[in-house]
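Each chain, letter by letter, is given below.
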Amino acid sequence: MVIRTGEQYLNSIRNRSKVEIYVMGKEVKDVTTDPFLKPSVMAFKATFDAAWEEDTKDLARAWSQFINEKINRFNHIHNSPEDLAAKVKLLRKLSQKTGACFQRCVGWDALNTLWVITNLMAQKGKTNYKERFVEYLKYVHKNDLALAGAMTDAKGVRTLRPHQQPNKNAYVRIEEITKDGIYVSGAKDNITGVAATEEIVVLPTRAMGPEDKDYAVAFSIPTDTEGIKIIVGRQLNDTRRLEGGEIDALPYFYNHEGLVIFDHVFVPMERVFFMGEYQYTSQLVEIFSAYHRQGYGGCKAGLGDVIIGATRNLAKQVGIEKASHVQEKLTEMIFLTETMYSAGIAASLNAVKLCDNCWWVNPMHANVTKHLVARFPAQISQLAIDLAGGIIGTAPSEWDLKNSKIKEYIAKYLQGVEDYTAEDRLRMVRLLENVSLGVSFQIESIHGAGSPATQRIMFTRLYDLDYVEEIAKRLAGKKTDLKFKPEAEPWRESEAQKLAKGS
Ligand code: SF4
């Protein structure tokens, strides 16, 4: 059985000797026991556990055409629109189980992106990348590896292209090519879950021109490699995890992001999947971002479920759950959550086939999904805070509840209806505070998979304004050369679709 258990995953990331991982200025040797990183590792582990738990195991397993065995879906190459919909459903389930970002989807999307782009390059006669990548896929599938996807570069001065930057390594670049491999330097920023992974899959972050060809590079590398340094970022309330409590830092799951530095790192040639092909960078970025934007319809809907549940429970604890304004606000939260999910499912079931066995999400629906996610979580949290009351920002700590001198006062004055205790209220308040105001639901929702402006660029580019103007002219009785398209959607083809067609 190539599907690993969560415990097997933990054992594989315990002992590292080469990578340097830093948290708040101190080097961490074992990420599975470090109190700061452990909740993030546990959220990552949930993706392995899902393949064994009764309610998720069918959803979390898929058939690998590369090794002819069942594998964990988090490394699967999508074979159909239904596979893509299964991804969105699995992500919703895992958010319900963790209340956090479980971090494994970026590496999954990077795998699918490289599968599509190496196939498209093979169609143009560049077959070596696909051959290498298939061997890598077999290795990942046989070992059920935990992958990070690393796309966002440090970027330096935003108005300058990679080759124009004063810092030559503002984008990850090829420093040296030998017959055995390449040496790379630079940094990838905001890399989700990276300290909890076994491999990093690196992709270029933007469209590039001929002068940028040293920056047009994609490869994979074991996380535990000489020359890789990870600096873990801070989050709101992060040091609560170091206090040793069990309520204030709820939930026990968190995500982390890190700055990953490549300091003259050697990458063997068999791990290089894209080198100097600047002509394919815009399509690669388009393919990856659409895959990840589709996924947000699942994971953020799952966090919406947690927040709706916590809000309703808090309303019950103070006896207001039947009030019409409470019902109205919960209904609005359901609508916002299900809208994000519906868009993610539409992006999956209206998938686009780019080549044999290459199923890509629908680019219009995927970009709309992420744009909804950039807006709706803030509205959901606002409604949740409104209903929860000011206590979400003022509640005493669990240490007050445990102090024998004051705990009776907390018990007396935090309690609402008698079916619930003060501890019940504090636990639910903390859950709501951590999930609704955390990085996963607020910051990732806006900036993850690209900031809102990038989705607006994409869906205005894909929408055919000239065509709909001709439709309007016809109905207004004006002269027009309109020829109705067979399909209902007034959409243009994406760069990836044009490349797949050979145009
Ligand atoms: Fe997965 Fe969502 Fe986290 Fe992205 S933000 S890694 S899709 S859980």
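Check the entry above for the structure.
Everything numeric in this text was worked out from a predicted model, so none of it was measured.

Reading the values: the criteria
- Residues numbered from 1 in each chain as written.
- Predicted model: local features only at pLDDT ≥ 70, side-chain atom pairs only at ≥ 80, totals over all residues.
- Heavy atoms only, no water.
- Helix = DSSP H or I, 4+ residues; strand = E, 2+ residues; numbered from the N terminus.
- Rg over C-alpha atoms; globule rule 2.2 N^0.38 Å.
- Buried < 20%, exposed > 50% of the residue type's maximum accessible area, 1.4 Å probe, protein only.
- Areas by Shrake-Rupley, 256 points an atom, 1.4 Å probe, with all protein chains shown as cover.
- Lys, Arg positive; Asp, Glu negative; His and termini not counted.
- Charge placed at Lys NZ, Arg CZ, Asp CG, Glu CD.
- Near = heavy atom within 4 Å.
- Nonpolar A, V, L, I, M, F, W, Y, C, P; charged D, E, K, R; others polar.
- Contact = heavy atoms within 4.5 Å.
- Pairing = 2+ DSSP bridges.
- Core = buried A, V, L, I, M, F, W, Y, C linked by side-chain atoms within 4.5 Å.
- Axes fitted to C-alpha atoms, helices over the stretch in contact; angles between N-to-C directions.
- Left-handed = near helix turned anticlockwise from the far one by under 90°.
- Salt bridge = Lys/Arg side-chain N within 4 Å of Asp/Glu carboxyl O.
- Polar contact = N/O pair within 3.5 Å; in protein donor to acceptor, adjacent residues only side chain to side chain.
- Disulfide = S-S within 2.5 Å.
- Patch = residues over 30% accessible without salt bridge, like charges linked within 9 Å, V, L, I, M, F, W, Y side chains within 5 Å.
- Parallel < 35°, antiparallel > 145°, perpendicular 65-115°, else oblique.

As for the overall build of the chain
- Broken down by element type, the chain carries 17 helices and 14 strands.
- At 24 Å, the chain has a C-alpha radius of gyration in line with the 23 Å of a compact globule built from 503 residues.
- Dimensions of the chain, computed from C-alpha atoms along their principal axes, come out at roughly 75 × 70 × 50 Å.
- Taken over 503 residues, the chain has a buried fraction of 56%.
- On the chain, roughly 21,200 Å² of surface is accessible, and the fraction owed to carbon and sulfur atoms is 52%.
- Looking at charge distribution, the chain has the averaged site of its 65 positive side-chain charges lying 3 Å from that of its 63 negative ones.

Here's the deal with the site of the ligand
- All residues adjacent to the ligand are Leu-91, Cys-101, Phe-102, Gln-103, Cys-105, Val-106, His-292, Tyr-296, Cys-299, Lys-300 and Glu-444.
- Of all the secondary-structure elements, those providing two or more residues to the shell around the ligand are helix H5 (105–123) and helix H7 (281–317).
- A total of 4 residues in the shell around the ligand trace back to one element, the largest contributor, which is H7.
- Of the residues that constitute the shell around the ligand, the class distribution is 7 nonpolar, 2 polar and 2 charged.

A closer look at the environment of Phe-262
- Mapped onto the elements of the fold, Phe-262 is located in strand E11 (residues 257–268).
- Sequence spacing of Phe-262 and Phe-133 is 129 residues, and the spatial spacing of their C-alpha atoms is 22 Å.
- Excluding anything up to four places from it in sequence, Phe-262 contacts Val-172, Val-184, Ser-185, Gly-186, Lys-188, Val-202, Phe-219, Ile-221, Gly-227 and Ile-228.

As for the pairing of strand E4 (residues 69–72)
- Pairing analysis gives 4 bridges linking strand E3 (residues 61–64) to E4, with the strands arranged antiparallel. Bridge pairing in E4 links Arg-61 to Asn-72.
- In sequence, E3 turns back onto E4 through a hairpin of 4 residues, with Asn-68 there showing a positive phi of about 50 degrees.

What to know about the sheet that holds strand E6 (residues 173–177)
- On the basis of which strands lie adjacent, the open sheet formed by 6 strands has the order E2-E1-E10-E11-E7-E6 and mixed pairing. At either margin of the open sheet sits one strand with a lone partner, and together these are strand E2 (26–27) and E6.

Topic: the nonpolar core
- With 50 residues, the main nonpolar core has Ile-117, Ile-287 and Trp-360 as its most contacted residues.
- Of all the secondary-structure elements, those providing two or more residues to this core are H5, helix H6 (128–143), strand E12 (272–275), H7, strand E13 (352–355), strand E14 (358–360) and helix H17 (495–501).
- With 9 residues, H5 is the largest single contributor of residues to this core.
- In contact with Ile-117, not counting residues within four places along its chain, are Phe-274, Tyr-280, Gln-283, Leu-284, Ile-287 and Leu-499.

Notes on the packing of helix H9 (residues 363–388) against helix H15 (residues 452–462)
- Packing of H9 against H15 leaves a shortest axis separation of 9 Å and a crossing angle of 145 degrees. When you trace H9 past H15, the crossing you get is left-handed. Note on element contacts: H15 touches H9 through Pro-452, Gln-455, Arg-456, Met-458, Phe-459 and Leu-462, opposite Pro-363, Met-364, Asn-367, Val-368, Lys-370, His-371, Ala-374 and Arg-375.
- Looking at the contact of H9 with H15 residue by residue, the class counts come to 8 nonpolar, 3 polar and 3 charged.

Topic: the sheet that holds strand E5 (residues 147–150)
- If you walk across this open sheet you meet the 4 strands as E5-E8-E9-E12, and the pairing is mixed. Two strands close off the open sheet at either side, each with one partner strand: E5 and E12. Direction aside, the axes of adjacent strands within the sheet are offset by 20 degrees on average.

Quick notes on the side chain of Glu-286
- Within the secondary structure layout, Glu-286 lies in helix H7.
- Arg-461 provides the closest opposite charge to the buried, salt-bridge-free Glu-286, at an N-O distance of 4.9 Å.
- Within the local environment of Glu-286, its side chain forms a polar contact with the backbone nitrogen of Glu-495, the two atoms lying 3.1 Å apart.
- Beyond its immediate sequence surroundings of up to four residues, Glu-286 is in contact with Trp-360, Met-458, Ser-494, Glu-495 and Ala-496.

Notes on the pattern of salt bridges
- Scanning the entire structure with this criterion turns up 37 salt bridges.
- The partner of Lys-97 in a salt bridge is Asp-55, and the shortest N-O contact between them spans 2.9 Å. With Lys-97 in helix H4 (residues 81–98) and Asp-55 in the loop between helix H2 (38–49) and helix H3 (57–60), this pair connects stretches of sequence that are 42 residues apart.
- Under the relative-accessibility criterion, Asp-55 is labelled partly exposed at 43%.
- Linked by salt bridges that have partners in common, Glu-246, Glu-398, Lys-402, Glu-423 and Arg-427 make up one network.

Thoughts on the environment of Cys-105
- Of note, Cys-105 is situated in helix H5.
- Expressed as a C-alpha distance, the spacing of Cys-105 and Lys-87, which sit 18 residues apart in the sequence, is 9.2 Å.

Points about the state of the cysteines
- Evaluated as defined, the whole model comprises 1 disulfide.
- Two residues, Cys-355 and Cys-358, share a disulfide whose sulfurs are 2.0 Å apart. Disulfide Cys-355-Cys-358: torsion about the S-S bond near -65 degrees, hence left-handed. Like Cys-358, Cys-355 is buried.

So, a nonpolar patch on the surface
- Taken together, Leu-236, Ile-385 and Leu-437 make up a surface patch of nonpolar side chains, about 240 Å² in accessible area.
- Checked against the element boundaries, Leu-437 lands in the loop between helix H13 (422–436) and helix H14 (443–447).
- The partly exposed category is assigned to Leu-437, whose relative accessible area is 34%.

Looking at the pairing of strand E10 (residues 228–232)
- Of the two faces of E10, only the one carrying Ile-228, Ile-230 and Val-232 is buried; Lys-229 and Ile-231 on the other face are not.
- Here 4 bridges tie strand E1 (residues 20–23) to E10, and the two strands are oriented parallel to one another. Its bridge partner lying in E10, Val-23 is registered against Val-232.
- Note that E10 and E11 share 5 bridges and pair antiparallel. When the bridges of E11 are listed, Val-232 appears paired with Gly-258.

Overview of the packing of H7 against helix H8 (residues 324–349)
- The N-to-C vectors of H7 and H8 enclose an angle of 165 degrees; their axes lie 8 Å apart at closest approach. As summarised for this structure, H7 and H8 are arranged roughly antiparallel, according to the angle between their axes. At the point where H7 passes H8, the crossing takes the left-handed sense. Counting all contacts with H7, which are made through Gln-294, Gly-297, Gly-298, Lys-300, Ala-301, Gly-304, Asp-305, Ile-307, Ile-308, Thr-311, Arg-312 and Ala-315, the residues of H8 involved are Val-326, Leu-330, Met-333, Ile-334, Thr-337, Met-340, Tyr-341, Gly-344, Ala-347 and Ser-348.

These figures come from the coordinates and say nothing about function on their own.
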